[in-house]
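For reference, the chains in residue letters:
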Amino acid sequence: MMKLDLQKELSEQLEIEEVFSFNIGNVKIGFDETTVVSWIIIAVLTILAIILTRKFKVTGEISKRQAFLEMCYEKSVQFFKGIVGEKAEEFIPWLMSMALFIGTSNIIGLFGLKPPTKSMQVTAAMAITSIVLVEYAGFKSKGFAGRIKAFAKPIWIITPINILELFTKPLSLCMRLFGNVIAAFTIMELVKAVVPIVIPVALSLYFDIFDGLLQAYIFVFLTGLYLQEATENEVTSKAKKIKKLKKSKAKKISA
């Protein structure tokens, strides 16, 4: 019985229902749950951003709200610069937007709405968009010839593997996010079926909040690593290796 109920719950969660549609001539245009909920999330985040950033000052004494938000932004910049490098500032708006959207999508189930990340269409779209950005950054940073040559490094024989990564990276991002969201839901349903209500509530704090935010962190962290890999040139890479060697030698001498 529990197995049948779990199967029913899973099928309901994976089923994406149409909310509304209209016809343009003979073409039907429909909008499903994930699209509508995504619009709601975008609208809420936009309104919050407008409200929280009202009356910001460039000079003079600033409010505690502005000071707190500026601190959060600076911490985010430092975090992404640590992953991507000095070129991170160009991609920070995208990375932070993705983190906020995915994090909100993963925890919106607490408000009775179906998380968009439970749809593989949404996770696939975000993953493909991220990889398109990565490749754009790579071509912009290295030039067309430089980016093409990068597929033959460190040795030409692994060129097919490097090209294959163009498909495996977005697939990995998509399946990791989608799989973790569905796995968290499945575990919670199993726990609710076999233990008292107190334990599911406690675990919900982990799976619905902490794990949801963690998946957002992992998604943008991996995207940041891909950006760093795509934009890093040989000079920067060699400089980092020399720096590491100097540090290791200094440690040996001090020891």
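Residues numbered from 1 in each chain as written. Predicted model: local features only at pLDDT ≥ 70, side-chain atom pairs only at ≥ 80, totals over all residues. Heavy atoms only, no water.

**Observations concerning the overall build of the chain**
Argument step 1. Of the regular secondary structure elements, the chain holds eight helices and two strands.
Argument step 2. Within the chain, buried positions represent 31% of all 255 residues.
Argument step 3. For the chain, contacts bridging at least 24 residues in sequence account for 63% of all contacts bridging at least 6.
Argument step 4. For the chain, the exposed area adds up to about 16500 Å²; of that, 68% sits on carbon and sulfur atoms. (Helix = DSSP H or I, 4+ residues; strand = E, 2+ residues; numbered from the N terminus. Buried < 20%, exposed > 50% of the residue type's maximum accessible area, 1.4 Å probe, protein only. Contact = heavy atoms within 4.5 Å. Areas by Shrake-Rupley, 256 points an atom, 1.4 Å probe, with all protein chains shown as cover.)

**Comments concerning the nonpolar core**
Argument step 1. Formed by 32 residues in total, the largest nonpolar core has its most connected members in Val84, Phe91, Ile102, Met126, Leu173, Phe219 and Leu227.
Argument step 2. Only α2 (33-52), α3 (64-84), α4 (92-107), α5 (120-150), α6 (159-194) and α7 (198-231) provide two or more residues apiece to this core.
Argument step 3. Once you skip the residues sitting within four places of it in the chain, Phe91 turns out to touch Val84, Leu133, Ala137, Leu227 and Thr231. (Core = buried A, V, L, I, M, F, W, Y, C linked by side-chain atoms within 4.5 Å.)

**Some thoughts on the pattern of salt bridges**
For side chains bearing opposite charge, pairing can occur when the charged atoms are close.
Argument step 1. Under the defined criterion, the tally for this structure stands at five salt bridges.
Argument step 2. Measuring nitrogen to oxygen at the nearest pair gives 3.8 Å for the salt bridge that ties Glu165 to Lys169. Here the residue Glu165 and the residue Lys169 both occupy positions in helix α6, the gap between them amounting to four residues, near one helical turn.
Argument step 3. Under the relative-accessibility criterion, Lys169 is labelled buried at 15%. (Salt bridge = Lys/Arg side-chain N within 4 Å of Asp/Glu carboxyl O.)

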